[in-house]
Every structure is written in structure tokens, then in C-alpha cells.
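So the chains spell out like this:
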Amino acid sequence: MSQARVGGDCSREFTNSRASACGARRRPIPEGQRQGWPAGDLYTGQYHASLRRAADALTDQSLIRVASAWHGLVELTRSLHPYDVTIGDPKAVTVEKMAMHTAQLGLDDAHVIFLGGTEYAALLRPAVQHLYTPLTGGMGTHRGLCRQASQDAAVREIWWKQAADLHAQHRTPTKN
């Protein structure tokens, strides 16, 4: 799940952003329901739930985006139908589509924390070179780090400081 602290109108006044990867388990659409599920409710797996708890602790829900393998970066409230696309599939989101989404959100000028796997981060990093990715190791480690972030304000503060530092480095021209 990818999350960014950018605002509803995605104006540049927002300086923090959070994104998280989606997850494999999704809710089925009940018979007769046409509009799908809000992206924030569609994904039901434990991994997504841990990413989401950390994201909710890090920033306001209006600033959180889900990184969908099919749709790219989407708001939590965007209605989606279940799908069966993973990174690497022919129908999967591309680096170019993610770059378009990050530009629309103004993530080139925001502090960005990404919670999710390396495949999703690789799609975002070309457009958001200052992307802060605090999760390392496997899913179990990710879930543990997310638990720490959701429960400990000091961890969240450190993550935002590191995201701000990366953003500052990105904006500062290098001198030779």
C-alpha cells in the first residue's frame, strides 16, 4: 500500500505523503452491488491491514493512497471492483502510469513514506527519487515494523524525519 501525505486537491501546500501496497486478498462483490468497494475496504488480508494501521497512524486518511497493481495510486474512497492482476502481469500498472499519478499528486515536492514491497517501491522510485521506504525484510518483518509505527509515536516521528531528510537531499543541488 502506498500512501502519501498530500491533500484532497493534491496542492503543494501539503508536505507529507504516505502510500502503501494493496495486497492479494480482496472482498468479493455481493450479488446486486454494482459500484465495487472503496479501495480502503477492498483489500482484506492481514498484510494490508497492518500496512493500513501504520498508514492511519502516520497521517490523515485523506492523504493516504493505495498502490494498486492494476489501478496505480488510488484514494481510499475510490470505488474498485476485485481484480486479479499482480505486478509483472501484462495488465499491471507501469512506471509511466505511476509517474503520471505521482505528478498529479505533487509527490515530487512532498515528504513521502511508502509502506509495501520492493516491487511497488520500484514502480514509484523513478518519479519520487526521495521515496522513504522504512520496511525491510519479508512480510513478517514488515508487519512487525508497521505494528511498531502504529503503536509508537517516536517511530512515526523518526520515519517522518527521515522522509523529510530524503526530500531535502533531493531538492538540494549537489556541488562538485
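Above this text is the structure in question.
Residues numbered from 1 in each chain as written. Predicted model: local features only at pLDDT ≥ 70, side-chain atom pairs only at ≥ 80, totals over all residues. Heavy atoms only, no water.

Quick look at the environment of D152
To be explicit about the condition: In this description a helix means any DSSP run of H or I spanning at least four residues, a strand means any run of E spanning at least two, and both kinds are numbered starting from the N terminus. Pairing of N or O atoms within 3.5 Å defines a polar contact, subject to two protein rules: one partner must be a possible hydrogen donor and the other a possible acceptor, and residues neighboring in sequence count only if both atoms are side-chain atoms.
Topologically, D152 is positioned in the loop between α5 (139-151) and α6 (153-171). A sequence separation of 98 residues divides D152 from A54, and the C-alpha atoms of the two residues are 9.9 Å apart. A polar side-chain atom of D152 sits 2.9 Å from the main-chain amide nitrogen of A154.

Section: the pattern of salt bridges
Pairing is possible between side chains that carry opposite charge, provided their charged atoms lie close to one another. The test is simple: Definition used for salt bridges: Asp or Glu carboxyl oxygen within 4 Å of a side-chain nitrogen of Lys or Arg. Here the term buried applies to any residue with accessible area under 20% of the maximum for its type, exposed to any over 50%, and partly exposed to those in between, with areas from a 1.4 Å probe on protein chains only.
A complete count under the given rule lists four salt bridges for this structure. For D56, the salt bridge is made with R52, and the minimal N-O distance between the two is 2.9 Å. Taken together, the positions of D56 and R52, both in helix α2 (residues 46-58) and four residues apart, correspond to about one turn of that helix. Relative accessible area serves as the criterion here: at 31%, D56 is assigned to the partly exposed category. With its nearest N and O atoms 2.5 Å apart, the salt bridge here joins D109 to R171. Taken together, the residues span a long stretch of sequence, with D109 in the loop between α3 (95-105) and β7 (111-115) and R171 in helix α6 at a distance of 62 residues.

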